[in-house]
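Here is what each chain is made of, one letter per residue.
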Amino acid sequence: MAKKSKTVFVCQECGYESSKWMGQCVCGAWNSFVEEKVLPELKEDTRRRASARDARPSALKSVGTLSYERIDTGIGELNRVLGGGIVKGSLTLISGEPGIGKSTIIIQTAANIASRGLKVLYVSGEESEEQIRLRADRVCSEIPGTLFVLAETNMENVEAVCGEMKPDFLIVDSIQTMYSGELDSAPGSISQVRQTGNQLMRLGKTGNMPIFIVAHVTKSGDLAGPKTVEHLVDCVLNFTGERDQELRILRSYKNRFGTTSEIGAFMMEGTGLTEVTDISATFLENSGENAEGSVTTAIYEGSRPVMFEIQSLVTPASGMGFSRRTSVGIDNTRLSMIIAVMEKKAGLPLGGQDIYVNVVGGIRPEGTGTDLAVALAIFSSFKRVTPDSRTLALGEVGLTGDLRPVRNAEKIVKEAARLGYERIIMPASNADKLKDSLKGCMIAGVRNINEAIRAFGAK
Ligand code: TYD
Ligand code: MG
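The following paragraphs examine the structure supplied in this document. (Residues numbered from 1 in each chain as written. Chains lettered and ligands numbered in written order. Predicted model: local features only at pLDDT ≥ 70, side-chain atom pairs only at ≥ 80, totals over all residues. Heavy atoms only, no water.)

## Some remarks on the site of ligand 1
Argument step 1. Not every one of the 16 residues close to ligand 1 is listed here, only the nearest: Gly99, Ser103, Thr104, Arg135 and Glu269.
Argument step 2. Gly101 is positioned such that a nitrogen or oxygen atom in its backbone is 3.0 Å from an oxygen atom of ligand 1.
Argument step 3. Between ligand 1 and Ser103 there is a distance of 2.7 Å, counted from an oxygen atom to a side-chain nitrogen or oxygen.
Argument step 4. Protein contact buries 74% of the 560 Å² of open area that ligand 1 shows by itself.
Argument step 5. For the shell around ligand 1, the secondary-structure elements that each account for two or more residues are α3 (102–114), α4 (129–139) and β13 (263–269). (Near = heavy atom within 4 Å. Polar contact = N/O pair within 3.5 Å; in protein donor to acceptor, adjacent residues only side chain to side chain. Areas by Shrake-Rupley, 256 points an atom, 1.4 Å probe, with all protein chains shown as cover. Helix = DSSP H or I, 4+ residues; strand = E, 2+ residues; numbered from the N terminus.)

Next up, the structure:
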């Protein structure tokens, strides 16, 4: 039978496939369908697998374990996020907004690895070889002889070069610029991303070669196209930060060889990215000063506590009959909930007030351990109480006004004492469990929001 080429319509936002064109996709995106050819290879692959006779299950107990061989990237913070370096044969996706510093961290990593005599190939579909050289001159102390660049967008050519050169480490910047000659669709389309992602996976696994793949995210912060290769890769790292600030945070969302709770912190400077190793105190803006509406709190990220400041401004509402609640860095619904608890349980008349809350330093804390600091910052601004800057507040605020414990409180307390905090207001349930007494640091264990406000006001 003659092979008929079949086409499907693929949503470019989420990868949903439909036999007919649709105006709106099931993911909610409008006008996102593009007609694409069905990949014939994928079907053959499945058929071959289905007919395999030699597939035998093994008892999990009898399966041997292996320790992964890792390559040191020469960047401690990157090693930490990866779980101790790059695992041989692994595929890592580095995502982030354009201009955040993906190419910079990658050229620094490439130069570090190549300086140990390993062959590194940097394939770029975004920049010319001269542009890469210019950046390397700025950020690398020396350019090793085993660091190779290739400005190329055709995946088959990349495969051929790799077959010949057999690099120890491959970088592809970015997946959205790569295309396979076997497909008609444009680079960056879902089917091209999926196809080139598959080709890269085969390339890496057959040669036991680790690969870094750069992926751009959309304005809303989603991976869009590259989301379709997320399941193929072993690690997904996300690089974030405010472009007008120097701080950059590297976080892992998926890691087959380590935890996803570690973060790496960097500063973008004139000579590239430098590591921030003492992260605990990096985010404190005006530590040492007492400022109205500002309360310091901490969260536990990976294996380290991070201290930062929450600022709030409460002013009489200017809008007619409606008040603004704006937050930067924390969830807006969480803020509304905290405000409601403050009104009802602590009796603060916040109804006619505009309330702004900001997390200083561009950090985006996840979780609820910062609730109490938000509540106290609002209280401080509203009542014009100047807090002592040597005070730290921890705790989740419940709808009843009770305080719930935070995780890793003991480690946070120890780090706070080291940094010179004199008083820590925290849930009594946490405080009761603290074993070691701390020199020069007073712990105020409180059960609810009212007790916390009392402890906060009493200096
Ligand atoms: P880049 O790594 O090209 O970002 P991406 O690959 O994620 O798009 O970094 C781009 C920005 O970083 C650029 O706007 C300038 C800034 N930068 C520095 O501040 N210092 C440096 O040493 C380098 C190389 C870049
Ligand atoms: Mg780039």
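Let's pick the thread back up.
## Looking at the pairing of β13
Argument step 1. Sheet topology places strand β12 (residues 247–255) next to β13; five bridges connect them, and they run antiparallel. Each residue of the ladder has a partner; that of Leu250, found in β13, is Gly264.
Argument step 2. Summarising the sheet, β13 and strand β14 (residues 272–275) pair through four bridges and their orientation is antiparallel. Its bridge partner being in β14, Met268 is matched across the sheet by Leu273.
Argument step 3. Linking β13 to β14, which pair antiparallel, is a turn of two residues. (Pairing = 2+ DSSP bridges.)

## Examining the sheet that holds strand β11 (residues 235–240)
Argument step 1. If you trace the nine strands from one edge of the open sheet to the other, you get β8-β7-β9-β10-β6-β11-β12-β13-β14, paired in mixed fashion. Each edge of the open sheet carries a strand with a single partner, namely β8 (147–151) and β14. The average undirected angle you get between the axes of adjacent strands in this sheet is 25 degrees.
Argument step 2. Where strand β6 (residues 91–96) and strand β10 (residues 211–216) come together, six bridges link them in parallel fashion. Looking across to β10, one finds that Ile94 is bridged to Val214.
Argument step 3. Set on the sheet, α4 makes contact with β7 (120–124), β8 and β14; between it and β8 the angle comes to about 145 degrees.
Argument step 4. With respect to the sheet, helix α5 (residues 155–165) is in contact with β7, β8 and β9 (169–173), its orientation differing from that of β7 by roughly 170 degrees. (Axes fitted to C-alpha atoms, helices over the stretch in contact; angles between N-to-C directions. Contact = heavy atoms within 4.5 Å.)

## Digging into the environment of Leu183
Argument step 1. Position of Leu183 among the secondary structure elements: in the loop between β9 and α6 (190–207).
Argument step 2. The class for Leu183 is buried, based on a relative accessible area of 10%.
Argument step 3. Note: C-alpha distance between Leu183 and Tyr300 (117 residues apart in sequence) is 46 Å. (Buried < 20%, exposed > 50% of the residue type's maximum accessible area, 1.4 Å probe, protein only.)

## Quick notes on unusual backbone geometry
Argument step 1. Across the junction of Asp173 and Ser174, the peptide omega takes the value -5 degrees, indicating a cis bond.
Argument step 2. Of note, Ser174 is situated in the loop between β9 and α6.
Argument step 3. We note that Asn208 has phi near 50 degrees; this positive angle belongs to a residue other than glycine.
Argument step 4. Within the element layout of this structure, Asn208 appears in the loop between α6 and β10.
Argument step 5. Looking at Asn208, the relative accessible area reads 44%, which means it is partly exposed.
Argument step 6. A positive phi angle, close to 55 degrees, is found at Asn408, a residue other than glycine.
Argument step 7. With respect to the helices and strands, the residue Asn408 is situated in the loop between β21 (403–404) and α9 (409–418).
Argument step 8. Residue Asn408 is classed as partly exposed on the basis of its relative accessible area of 27%.

## A look at the environment of Glu309
Argument step 1. Turning to its location among the elements, Glu309 is positioned in strand β16 (residues 304–316).
Argument step 2. Along the backbone, Glu309 and Gly293 are 16 residues apart, and their C-alpha atoms lie at a distance of 10.0 Å.
Argument step 3. At 3.2 Å, the side chain of Glu309 forms a polar contact with the side chain of Gln311.

## Examining the packing of aromatic side chains
Argument step 1. Under the criterion given, the structure shown has four aromatic pairs.
Argument step 2. Relative to Phe257, the ring of Tyr68 lies with its centre 4.6 Å away and its plane at 70 degrees, an arrangement referred to as edge-to-face. Separated by 189 residues along the polypeptide, Tyr68 in the loop between α1 (40–50) and β4 (70–71) and Phe257 in the loop between β12 and β13 bring together distant segments of the chain.
Argument step 3. Seen in terms of ring centroids, Phe169 and Phe212 are 5.1 Å apart; in terms of plane orientation they differ by 80 degrees. Their pairing is edge-to-face. Of this pair, Phe169 sits in strand β9 while Phe212 is found in strand β10, placing the two residues 43 residues apart along the sequence.
Argument step 4. Under the relative-accessibility criterion, Phe212 is labelled buried at 1%.
Argument step 5. Above the ring of Tyr421, the side-chain terminus of Arg390 is found at 5.0 Å from the ring centroid. (Phe/Tyr/Trp six-rings, centres within 6.5 Å; stacked < 30°, edge-to-face > 60°. Lys NZ or Arg CZ within 6 Å of the ring centre and 35° of its normal.)

Keep in mind these values describe shape, not function.
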